Amino acid sequence: MARRNLFQPPPPPDAASTAAPAGEQKARFPNTGAMSGVKSTLKDVASNAVREISVDVIEENGPKDRLSFSDADVVTLAESIKAHGQQVPIMVRPIADKPGHYKIVYGRRRLRALRSLGIPAKALVRSLSDEEAILAQGQENTQRLDPSFIEKALFAAELAASGYEQAIILDALAVDKPMLSRMTKVARSIPKSVIEQIGSAHGIGRRRWEELADQSRSDSVDLEQITATLQFNAAKSSDDRFSMVSDAITQALKSKAPDNPAAPPTLSIKLSDGTALAEVKETARALTFKLSKSDAPEFAQWMRNNAEAELTRLYEAWQSEQMPD
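Residues numbered from 1 in each chain as written. Predicted model: local features only at pLDDT ≥ 70, side-chain atom pairs only at ≥ 80, totals over all residues. Heavy atoms only, no water.

Take helix H8 (residues 166–173) next. Most of H8 sits inside the fold, with six of its eight residues counted as buried. When H8 is considered as a whole, its buried residues turn out to be Ile168, Ile169, Leu170, Asp171, Ala172 and Leu173. Ala174, located one to two residues past H8, shows a positive phi value of around 55°. (Buried < 20%, exposed > 50% of the residue type's maximum accessible area, 1.4 Å probe, protein only. Helix = DSSP H or I, 4+ residues; strand = E, 2+ residues; numbered from the N terminus.)

Okay, structure coming up:
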């Protein structure tokens, strides 16, 4: 599917495809050819023009590509807009069943700042389908913003839950299928309430989020319950909050792990002349024999060729000893 740049106005229509038959032109409008050119030009200008729209008629619902921004962020932006004006327009699209009302495509933080100031928003108005709006949202993120891994993961999960096709999600996020799969896995494994408490965590990459996702799937811990006990006020950033959650769940998993007795020491088997023949190691799940191919290479090879027969013989000998006399 060819990607359309949604920041540029659509190309002007082909005059040959839009012109009415010559007889009809003459009957309806004299000099219609000139009028048609003027209308086309005005349409192109209007589609790229920035309009002032009351913030009261702009709705904010729809998939979000960023975690909630703080009140402090909005205040800072509002102060900048008050001093220098709104430098970057937002994008909106008309709501078909509510004439005069619009739905935000991108620029939610700017819209909040403008609401707090009580001034109209400078906006690009585009008649976009749901899919085109998502692509525009993703393109603006790529060009202007720097969403973190977890913000992209949540956005991808929300788009999938809303029924968008995978091809649209891939284009909106500019990722490949393996990365989308990893994002979806993380977003589904970690409760959204926990992610929202942590925040965007720009310094935390995919690998650490995946590790936390793996830990959260353990039946022995409740990540939401653990997070609720943490004192996030002491954290300086969302990266610090992530570390607090990660450390807490690691400690919880350790405390619930069974107390395994120390593994028996490795048993070294040597011949009477001191030649190292084998080592025997024992763990909770296995007993391992390790033959030395450097000290006894011929025996190691012989054992390799006869392992099945010799182990079977030993097992049968052991079994015969278990039988009552």
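A full pass over the atoms with the stated rule returns two aromatic pairs. For the ring pair Trp209 and Phe242, a centre distance of 4.7 Å and an interplane angle of 65° mean the geometry is edge-to-face. Remark: Phe242 occurs in helix H13 (residues 238–256) and Trp209 occurs in helix H11 (residues 206–216); sequence separation between them is 33 residues. Overall, Trp209 belongs to the buried group, its relative accessible area being 0%. A ring pair is formed by Phe299 and Trp302, whose centres lie 6.1 Å apart and whose planes are at 20°; its orientation type is stacked. With Phe299 and Trp302 both in helix H14 (residues 297–322) and three residues apart, this pair spans about one turn of that helix. (Phe/Tyr/Trp six-rings, centres within 6.5 Å; stacked < 30°, edge-to-face > 60°.)

Moving on to the sheet that holds strand S7 (residues 276–282). Taken in spatial order, the three strands make up an open sheet running S6-S7-S8, and their pairing is antiparallel. Edge positions in the sheet fall to strand S6 (267–270) and strand S8 (287–291), since each of these pairs with one other strand and no more. Across the sheet, the mean angle from the axis of one strand to that of its neighbour is 20°, orientation sign disregarded. With five bridges joining them, S7 and S8 adopt antiparallel strand pairing. (Pairing = 2+ DSSP bridges. Axes fitted to C-alpha atoms, helices over the stretch in contact; angles between N-to-C directions.)

The subject of this paragraph is the sheet that holds strand S3 (residues 90–94). Where strands meet in a sheet, backbone hydrogen bonds hold them as pairs that are either parallel or antiparallel. Pairing in this open sheet of five strands is mixed, and the strands run S1-S5-S3-S4-S2 from one edge to the other. A single partner strand is all that each edge strand has here, and the edge strands are strand S1 (50–53) and strand S2 (58–59). When S3 meets strand S4 (residues 102–106), the two strands line up antiparallel, connected through four bridges. Bridge assignment links Arg93 to a residue of S4, and that residue is Lys103. On the sheet, helix H5 (residues 108–117) packs against S2, S3, S4 and strand S5 (121–125) and is oriented at approximately 125° with respect to S4. (Contact = heavy atoms within 4.5 Å.)

So, on to the nonpolar core. Leu173, Ile190, Ile198, Trp209, Leu212 and Val245 are the most contacted members of the largest nonpolar core, which has 39 residues in total. Every element with two or more residues in this core is listed here: helix H6 (130–144), helix H7 (149–161), H8, helix H9 (177–189), helix H10 (192–198), H11, helix H12 (223–228) and H13. Element by element, the count of residues in this core is highest for H7, at seven residues. Setting aside anything within four residues of it in sequence, one finds Leu212 in contact with Ile190, Ile198, Phe242, Val245, Ser246 and Ile249. (Core = buried A, V, L, I, M, F, W, Y, C linked by side-chain atoms within 4.5 Å.)

Below, the discussion takes up the side chain of Ser148. When you line up the elements, Ser148 lands in the loop between H6 and H7. Side-chain polar atoms of Ser148 contact the backbone oxygen of Ser200, separated by 2.6 Å. (Polar contact = N/O pair within 3.5 Å; in protein donor to acceptor, adjacent residues only side chain to side chain.)

Among the five residues of S5, four are classified as buried, and the element is accordingly described as predominantly covered. In terms of strand pairing, S1 meets S5 through four bridges, oriented antiparallel. Paired with Arg51 across the strands is Ala123, a residue of S5.

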